Amino acid sequence: MNLDRVIAVRNSKTIYRDGDLCIKVFDSDYSKADILNEALNQARVEETGLNIPKVIEVATINGKWAIVSEYIKGKTLARIMEEDPDNKDKYLDLFVDLQIKVQSMTCPLLSKLKDKMSRKIGEAELDATTRYDLRTRLEGMPKHNKLCHGDFNPSNIIITDNGVPYIIDWSHATQGNASADAARTYLLFCLNGDTETAKKYLDLFCKKSNTAKQYVQKWMPIVAASQSVKGNAHEREFLLSWVNVVDYE
């Protein structure tokens, strides 16, 4: 495989293009279990029929694990929004439609969202009382089995030259409650400092999915706590500031 063309650099991984292949090479200290789980998630989501890159193989390259997938030629929705700000609302509309389409699917062999969140809350930098409260709230939320992306944001959507949207990066995919996934997307917009788009997104998601906004908001402290175990110090501080927001408005 040719690793001359770098197309993206992320935390602990580098992504290359070799013709029709996309090669994600992980750092040598990256968890083998997490890499194999990511490939398995992607393979399972493929079976839903959604437009996602197909996994070609999992390999080792120069002693490092790599996931080889189809290369999808196009621009990310994030870049398109940036280049065409006058039509941002139109792109946000497409974005929400795509998320709702994802959530209309089921993928029974994926990990359960609630189990993953409970484990992450246990790892968060919170006192025992707060962790207990969050887990109690989590357990009290309705159990669903909808496909949840886990990191649904405009940079994980590629629009091809023919206008066909593809959804990438399924490493955090689970089955669970769609409103928890929406809460995660809302917080991602906020983390990027785009509170205006975050608000528009939440309004649009709730309208299109016929979901009460208060219901999504009840998930936010739980989601924020579970997400706080990764990322840099600034992100952790921001997310943990949401943990005590019981009745966010």
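Residues numbered from 1 in each chain as written. Predicted model: local features only at pLDDT ≥ 70, side-chain atom pairs only at ≥ 80, totals over all residues. Heavy atoms only, no water.

### Some thoughts on the overall build of the protein
Piece 1. The helix and strand tally for the protein stands at 9 helices and 10 strands.
Piece 2. Principal-axis analysis of the C-alpha atoms gives the protein an extent of 50 × 40 × 35 Å.
Piece 3. Going through the 249 residues of the protein one by one, you find that 45% of them count as buried. (Helix = DSSP H or I, 4+ residues; strand = E, 2+ residues; numbered from the N terminus. Buried < 20%, exposed > 50% of the residue type's maximum accessible area, 1.4 Å probe, protein only.)

### A short note on the pattern of salt bridges
Between side chains of opposite charge, a pair can form when the charged atoms approach closely.
Piece 1. Scanning the model with the defined rule gives 13 salt bridges in all.
Piece 2. For the salt bridge of Lys24 with Glu38, the shortest nitrogen-to-oxygen distance reads 2.6 Å. Taken together, the positions of Lys24 in strand E3 (residues 21-26) and Glu38 in helix H1 (residues 32-46) put the pair 14 residues apart, joining distant regions of the chain.
Piece 3. Given the relative accessible area of 3%, Glu38 is considered buried.
Piece 4. A salt bridge links Arg79 to Glu83; its shortest N-O distance comes to 2.9 Å. Within this pair, Arg79 and its partner Glu83 are both found in helix H2 (residues 77-83), separated by 4 residues, close to a single helical turn.
Piece 5. When its relative accessible area of 45% is taken as the criterion, Arg79 is described as partly exposed.
Piece 6. Judged by relative accessible area, which is 46%, Glu83 ranks as partly exposed.
Piece 7. Salt bridges sharing common partners tie together Lys75, Arg79 and Glu83. (Salt bridge = Lys/Arg side-chain N within 4 Å of Asp/Glu carboxyl O.)

### Some remarks on the sheet that holds strand E1 (residues 6-10)
Piece 1. Sheet architecture is open: 5 strands sit in the order E1-E2-E3-E5-E4, paired in antiparallel fashion. The outermost strands of the open sheet, each flanked by one partner alone, are E1 and strand E4 (55-61). Geometrically, the sheet is characterised by an average inter-axis angle of 20° between neighbouring strands, direction not taken into account.
Piece 2. In this structure, E3 lies alongside strand E5 (residues 64-70), joined through 5 bridges in antiparallel fashion. Note that in E5 the partner of Val25 across the bridge is Ala66.
Piece 3. Lying over the sheet, H1 contacts E3, E4 and E5, oriented at roughly 15° with respect to E5. (Pairing = 2+ DSSP bridges. Axes fitted to C-alpha atoms, helices over the stretch in contact; angles between N-to-C directions. Contact = heavy atoms within 4.5 Å.)

### So, the pairing of strand E2 (residues 13-18)
Piece 1. Counting buried positions over the 6 residues of E2 gives 5, a clear majority of the element.
Piece 2. Once E1 ends, the chain turns through 2 residues before running back antiparallel as E2, passing Ser12 with a positive phi of about 70°.
Piece 3. Examined bridge by bridge, E2 and E3 share 6 bridges and lie antiparallel to one another. Directly across from Lys13, in E3, lies its bridge partner Phe26.
Piece 4. Between E2 and E3, which pair antiparallel one after the other, the connecting turn spans 2 residues, and Gly19 there sits at a positive phi close to 65°.

### Quick word on the nonpolar core
Piece 1. Judged by nonpolar contacts, the single largest core of 53 residues is most densely connected at Val45, Phe95, Trp170, Tyr186, Tyr201 and Trp219.
Piece 2. If we ignore the near neighbours within four places in the chain, the residues touching Phe95 are Leu77, Phe152, Asn153, Pro154, Ile157, Thr185, Phe189 and Tyr201. (Core = buried A, V, L, I, M, F, W, Y, C linked by side-chain atoms within 4.5 Å.)

### Considering the UniProt feature "domain: Aminoglycoside phosphotransferase" (unreviewed entry) in the protein
Piece 1. In this numbering, the UniProt entry assigns the feature "domain: Aminoglycoside phosphotransferase" (unreviewed entry) to residues 15-206.
Piece 2. Strand forms 21% of residues 15-206 and helix 46%; the C-alpha atoms that close the span are 34 Å apart. (UniProt positions renumbered as here; feature names shortened; annotations may be inferred.)

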